[in-house]
Amino acid sequence: MLHSSPLARVKIGRGDQQQMEEARRSAQALLTSGQSQSVKTEVQLMANFPLPLSQKYPHLQVETMLKENVSGSNRAQVLESLNNLVKALNILEKYGCNLTSIIRPKFWRIVKYNNPVFRSTVDAIQGGRAVLHLYGYTKQQLDGLSFPDDVTEPDSETVAMVTLEVMVLRSELAMLIKGTHPHQEVFKDLVPGLDVHQDALVTDATVIPPPKDKSAHKPPPPPVAPKPRLDRVGGQAPKAPPQSSSSGQCNLCGGSATLLCPSCNGQSFCDACDDLFHRHPARTDHKRDRVLKATQGMCSICGLSPAHARCAPCVQMLCRKCDELFHSHPERKGHSRTVLAPTKSNGAPRPTWTCIHCAAVNKPHDSLCATCKRGSTPTNAEWQCKSCTVINPGSSILCEVCERPRLAPRPSITPVLSSPASSSGSNAGEQSHWMCQSCTYANAASAEACEVCGSPGKALDGVPRPPKASGDIGRKSAPPQPKPRASLDAKRQERMKEDGLLLIRQIKEAEKRGISPEEVYAALRSCGAGVRDLCDWQTSELPHLLDEICAMAASVHTGVSTAGEGIKLSRAEAKLAWLTAGGDAERAATQLLRDRQMKMNELNSLGFRDARRCEEALRQSGGEVKGALSVLQRPLLDAFHKRIWSEQPEPSVDPNHPDKERMCRRLLALYELPSWGRCELTLSLLREPDVAYSLEDVVQAVRESHDRDFIRRVLNNECPCCLSIFPRSKMQSLTSCQCSVCLECFTQHFTIMVRDRHIWDMVCPICRGPDITDPEEHDSYFSTLDIQLRECLEPDVYDLFHKKLTEHVLRKDPKFLWCSHCVSGFINEGDQLKVTCLSCCNSFCAKCKKAWEPQHQDLTCEQFQQWKRDNDPEYQRLGLAGYLRDNGITCPHCRFQYALTKGGCMHFSCSQCRYQFCSGCNNPYYTTGCRMEQCPFTSLHAHHPRDCLFYLRDWEATQLQALLQRSGVDFNTERSDEPQADTCGVMEQKDEGGQTVDSPCGAQTQPGQAGLCEKHYREYLVSLINAHSLDPAPLYDAHDLIRACERYRVDTQRADNEDDNAYYARMRKKLMEVPLGEKVPRNTTHQHHRS
């Protein structure tokens, strides 16, 4: 027998394709609008269409997905792989529905890989991420997939098409697992072990058997899918399917099933069992379907409308609309359907009701409107509470007494009316009793009202039974009006309402006075309703009642107390027993004894055997076991309390103590070490020979680490100053370097620096860092140093440090001035030349720092200095020595002026700011490497220009005079007319006994040098050269010229065939192109004395 391919056996018609496209467009429109719950009918129709997979799923690669994910050597494995694929499709369907929803989730843009649900479902199959790519998750990230950054909204049409295909594929695979798929031959080559002659795989999945229609008498036309067989498959008889939705029973409790879970092998659940069963984390993502019960006469496709006809070939019950749409297919037009008769019921179903307030249509069993939350009856209709039977107004939702909600009324029962013939033919015996409609009690026919509830009797036709006449029965007269019996019910209801309101008032009043509702209830049972004020009764009478309960309990107690003594009970215990017994005194006494015996047994189990002491402790604690334990344990802890509260010092931890565990416990209690092992490590370190560790140092090191070698390194640190061994916790270091010194050396070093040295000397005692001449380094260093010095310096030393630091900062202010008469400084806010010191009250010039004289008024500093030379006898007497003093050294950093000459050592250190510079050119001195490129020096050095005194001081006076004469500059050679000593009187800075002092030069003067020594006369001539910016290069000889060119990096390469004159002339020209010193002092006013 030849078999064609699965797709060839499926007949495809043009009508199927058109209906498929119509259903697809309808479903896509619903999904695009966010109505994902309304497409079940279209999805079911699309799943039943016999189209090839490539036409039914144009976006999904269904064949590839099934081949890669469905496999197995037996049917159980194939079924498990199909279930895994259905679970993954269920999760993918939720992703798509979330994207098409009007209100999307907060994190809809990204799918995380570490999501356990995603990892166990979508990521566990092949092709799951491809579906996410179709949704729009195309950007790959480290922890998941996301939409591209430029995409603000998902493409709703594309997402709807892909989501619809996922929903249809999931529905088809679910039908394939259940065995209800109408076209299983399509999946024969894709699902291994699938036999087209059987409906389902051999599995334990729940199968819904089709209802049998015995009325079908003629054979139906050949169906597209054959009926399931119950013969043997694979040599084994198939198992009987469990109860499914068709039977309407829950698989767990046997109740009425309302939900069907395809992921749980098609098991059916009621609402309660489904809530409990699917709380498990592994089953929370299962998607359940509502059970469409065919026995209830509902359509098996839409599940909304009553079934109109049953189709035997399709094994379905359909409503009119679904029947017309489903059987419009050419291959199903010939199916014979059986029209179903309307279902008989004992009573008419309850209709829906319309709210009279908001006109909203509600379900039959809803007691409150779903929109406005109001009752289903008119507001003026009273209703009876089902709990306390109080009549409440129709406008109230809660009962006024018990505050319980209003319940929906019972459905009306249609009475079965007897026919007139039967009523006329009935005998009198059948009419001897009538049933009360309120309490269903069978009353005698002669009774006018119910003997139980008192409700008036009614005839069978619903008319109230007329009462019998009081007189002659045979006499025809007007029947007397019956006495209304409803007043009895009203009185009973009114009395119950009053009692309830009274009880509520009593409870509220008692709660205001700190009395619980339980106490109110017990008091009512004890004293009855005759007491008006229960609160006063509890204050005055309840203590006596509790004493009586204690006495009753003590009188019946026989086995606990000693002879001649009764059991000791407290009022607190009696009150608890009284509340437990609900106000019954006898029951309270029994309960009191029972509670006391339980407490005694509990104390005995804890080791307290003395019954008398236990009873006394319970009495003192009011019957509380915890309080009784405190009373019983207090004598046992007296010795411990006296020891811990004594004023004697706590003994220290002895590492050599024989009881090692005791020392470890003390370490845990006193030092809070993290573990018992750390305590043992501490003791072993302290027991090592030749160690000088303190207990606190070892404990702190053990807290940081458990490594013994690391702890030894922490405890052994050598101070580079005093060469002593200290733990790291007692070492101090600056933030600018890695050097560490002990706390004592650190304190002594900075104390000496603050008291005796300058602020610039407050650096590391080991590496002398950092370089605080750098402004950025300066600010960050002193900000952290201030915090460190605050804790280690004495208060007076720390105040001195702050004072010096403040002065140092003030010097950077251009308005800050040092007084030329004293050592004070201040900020000058004015712009006048004359300023007055706030400390010594002396005036001086703010610019030249000279003492102020009236002649300086309206004169510049240069004009005033020239006037001094021309008119001041003292100035004239000093001659050039006074000139050199007035044109002394000025610090280029802080502008502090020194009345000293520039001769001697050119390395000058300012006493105010500690700035080191050359007194001849003002260029800085570097103690380490400088910032100039290709500088070969790494020690103390400076870079001097060629016109600096540093180089010109080595020239002879005649050479300097020749340079001045060459430029036409006058200079002095003879002393002034005033008699002078034979020694030079120029002031210099000298080191005497380790101190820097200012004193006269004292060197012998020479003739022709204006009364100065050789050194200071050369300084005078160099000052004239610098004042006129004269270049000494024209007077260089060949050797000095080449040395100067090499010093200033001038190319000294000789050209070919270049003679000496041309070469030196070219070198001199190149050298003179190098600029002179920019910081060289160039005074414009000079002293000239001619002989």
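Residues numbered from 1 in each chain as written. Predicted model: local features only at pLDDT ≥ 70, side-chain atom pairs only at ≥ 80, totals over all residues. Heavy atoms only, no water.

(A) Region of the structure containing the packing of helix α6 (residues 75-100) against helix α9 (residues 156-178). Close contact between α6 and α9 brings their axes to 9 Å; oriented N to C, the two are set at 155°. By the criterion of interaxial angle, the relationship of α6 to α9 is roughly antiparallel. In the packing of α6 onto α9, the handedness of the crossing is left-handed. Among the residues making up the contact of α6 with α9, the classes are represented as 16 nonpolar, six polar and two charged. (Axes fitted to C-alpha atoms, helices over the stretch in contact; angles between N-to-C directions. Helix = DSSP H or I, 4+ residues; strand = E, 2+ residues; numbered from the N terminus. Parallel < 35°, antiparallel > 145°, perpendicular 65-115°, else oblique. Left-handed = near helix turned anticlockwise from the far one by under 90°. Nonpolar A, V, L, I, M, F, W, Y, C, P; charged D, E, K, R; others polar.)

(B) How the structure looks around the sheet that holds strand β4 (residues 259-261). One open sheet accounts for three strands, arranged β5-β4-β6; its pairing is antiparallel. Two strands close off the open sheet at either side, each with one partner strand: β5 (267-269) and β6 (289-290). Sheet topology places β4 next to β6; two bridges connect them, and they run antiparallel. Residue pairing across strands places L259 opposite R290, the latter belonging to β6. (Pairing = 2+ DSSP bridges.)

(C) Spotlight on the environment of N90. By secondary structure assignment, the location of N90 is in helix α6. Since its relative accessible area comes to 3%, N90 is described here as buried. Sequence-distant contacts of N90, that is, excluding residues within four places in its chain, are made with R170, D285, H286 and K287. (Buried < 20%, exposed > 50% of the residue type's maximum accessible area, 1.4 Å probe, protein only. Contact = heavy atoms within 4.5 Å.)

(D) Geometry of the pattern of salt bridges. Applying the stated criterion across every chain, the model contains 27 salt bridges. One salt bridge in this structure joins E93 and R170, with 2.8 Å as the shortest N-O distance. Of this pair, E93 sits in helix α6 while R170 sits in helix α9, and the two are 77 residues apart along the sequence. Of the two residues, E93 and R170, neither departs from the other in class, the shared state being buried. Across the salt bridge formed by E1014 and R1018, the nearest N and O atoms sit 3.0 Å from each other. Residue E1014 and its partner R1018 are both found in helix α34 (residues 1014-1027); the two are separated by four residues, about one turn of the helix. For R1018, a relative accessible area of 17% puts it in the buried group. (Salt bridge = Lys/Arg side-chain N within 4 Å of Asp/Glu carboxyl O.)

(E) View of the state of the cysteines. One pass over the full model with this rule turns up zero disulfides. No disulfide involves C737; its sulfur sits 3.7 Å from the nearest other cysteine sulfur, which is in C764. On the basis of relative accessible area, C737 is assigned to the buried category, the value being 14%. (Disulfide = S-S within 2.5 Å.)

Purely spatial values, then, with no claim about function.
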